[in-house]
Amino acid sequence: MIDWAAFLIVFATSLIAATAVVSLYAFGLRLLTTAGRVPVVAPAEFTDAITVITPEEAQRAAKRAAKAARKNPLTPGQQNLARAGAYACFALCAAAVLFGIYLIVPFFHQS
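Residues numbered from 1 in each chain as written. Predicted model: local features only at pLDDT ≥ 70, side-chain atom pairs only at ≥ 80, totals over all residues. Heavy atoms only, no water.

Asks: I keep staring at the nonpolar core and nothing clicks. Help me out?
Replies: Soluble globular proteins tend to bury their nonpolar side chains together. In terms of nonpolar packing, the biggest core is built from six residues, these being L31, L32, A35, A82, A86 and C89. Looking at this core, the elements with two or more residues in it are α1 (4–34) and α3 (76–104). Per-element accounting of this core gives the leading share, three residues, to α3. When sequence neighbours within four positions are dropped, the list of residues in contact with L31 reads A82, G85, A86 and C89. (Core = buried A, V, L, I, M, F, W, Y, C linked by side-chain atoms within 4.5 Å. Buried < 20%, exposed > 50% of the residue type's maximum accessible area, 1.4 Å probe, protein only. Helix = DSSP H or I, 4+ residues; strand = E, 2+ residues; numbered from the N terminus. Contact = heavy atoms within 4.5 Å.)

Pasting the structure below:
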C-alpha cells in the first residue's frame, strides 16, 4: 500500500529543493556578471565533432564581455560585494547538494 502523504511530502520537498538550488545558482551567476566577471567559456575542442562556435565568434564574445565590464556603473566596493554574494550563492548550492547526498547515502547514517 502506498503512503500518499509521505509521497506528497517527498514530492513537495524535492520540488522546492530543486527550485531553490537552481534559483540560487542563477542568482549567483547574475551577481557574478553584475560584478564584472562575465563567465566566458571557451568552446571545447573535439576531434571529428561539429564545431559549435568558431574562434572568431569566441573572440567577439570575449570583446563584448570586456566592453560590458568597462561600462559597469558599480563602484569597486559594490562589485566586491556582488562578487561575495555570488560566491555565497554558489556555496549554498554546494551545501544543498552535499546535504542531499548525505541524505541519500545510507553509509553516512550508520552509528
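Asks: Any chance you could explain the side chain of Q79 here in plain terms?
Replies: Examined against the element boundaries, Q79 turns out to sit in helix α3. Overall, the relative accessible area of 18% leaves Q79 in the buried class. In this structure Q79 touches A35, N72 and L74, once residues within four positions along its chain are discounted.

Asks: Please clarify how α3 should be interpreted in this entry.
Replies: Because each turn of an α-helix spans 3.6 residues, side chains separated by three or four positions end up pointing in the same direction. Taking 1.5 Å per residue as the helical rise, α3 with its 29 residues ought to reach 42 Å, and the 42 Å between its terminal C-alpha atoms agrees with that figure. Every buried residue belonging to α3 is among Q79, A82, R83, A86, C89 and C93, and all of these are buried. The inward-facing, buried residues of α3 abut α1. (Expected span 1.5 Å × (residues − 1).)

Asks: What is the right way to read the environment of A66 from this model?
Replies: For A66, the position within the fold is in helix α2 (residues 55–70). Look at A66 and you get partly exposed, because its relative accessible area is 35%. Between the C-alpha atoms of A66 and R37, which are 29 residues apart in sequence, the distance is 9.1 Å.

Asks: Can you help me understand α1 in this one?
Replies: A rise of 1.5 Å per residue sets the reference length of α1, with its 31 residues, at 45 Å; its end C-alpha atoms lie 44 Å apart and thus fit the reference within 8%. Residues G28, L31 and L32 constitute the buried set of α1. The elements touched by buried residues of α1 are α3. G36 sits one or two positions beyond α1 and adopts a positive phi of about 100 degrees.

Asks: Looking at this structure, how should I read the packing of aromatic side chains?
Replies: For any pair of aromatic rings, the description rests on two quantities: the centre-to-centre distance and the angle between the ring planes. Counted according to the given criterion, the structure contains five aromatic pairs. Judged by centre distance (5.4 Å) and plane angle (50 degrees), the rings of Y25 and F90 are tilted. Remark: F90 occurs in helix α3 and Y25 occurs in helix α1; sequence separation between them is 65 residues. Classification of Y25 as partly exposed rests on a relative accessible area of 46%. (Phe/Tyr/Trp six-rings, centres within 6.5 Å; stacked < 30°, edge-to-face > 60°.)

Asks: Any chance you could explain the packing of α1 against α3 here in plain terms?
Replies: One way to put it is that α1 packs onto α3 with a least axis distance of 8 Å and a crossing angle of 160 degrees. Classed by the angle they form, the pair α1 and α3 counts as roughly antiparallel. Relative to α3, the crossing made by α1 is left-handed. In this structure, α1 contributes V21, L24, Y25, F27, G28, L29, L31 and L32 to the contact, and α3 contributes A82, R83, G85, A86, Y87, C89, F90, L92, C93 and A96. Grouping the amino acids of the contact of α1 with α3 by side-chain chemistry returns 15 nonpolar, two polar and one charged. (Axes fitted to C-alpha atoms, helices over the stretch in contact; angles between N-to-C directions. Parallel < 35°, antiparallel > 145°, perpendicular 65-115°, else oblique. Left-handed = near helix turned anticlockwise from the far one by under 90°. Nonpolar A, V, L, I, M, F, W, Y, C, P; charged D, E, K, R; others polar.)

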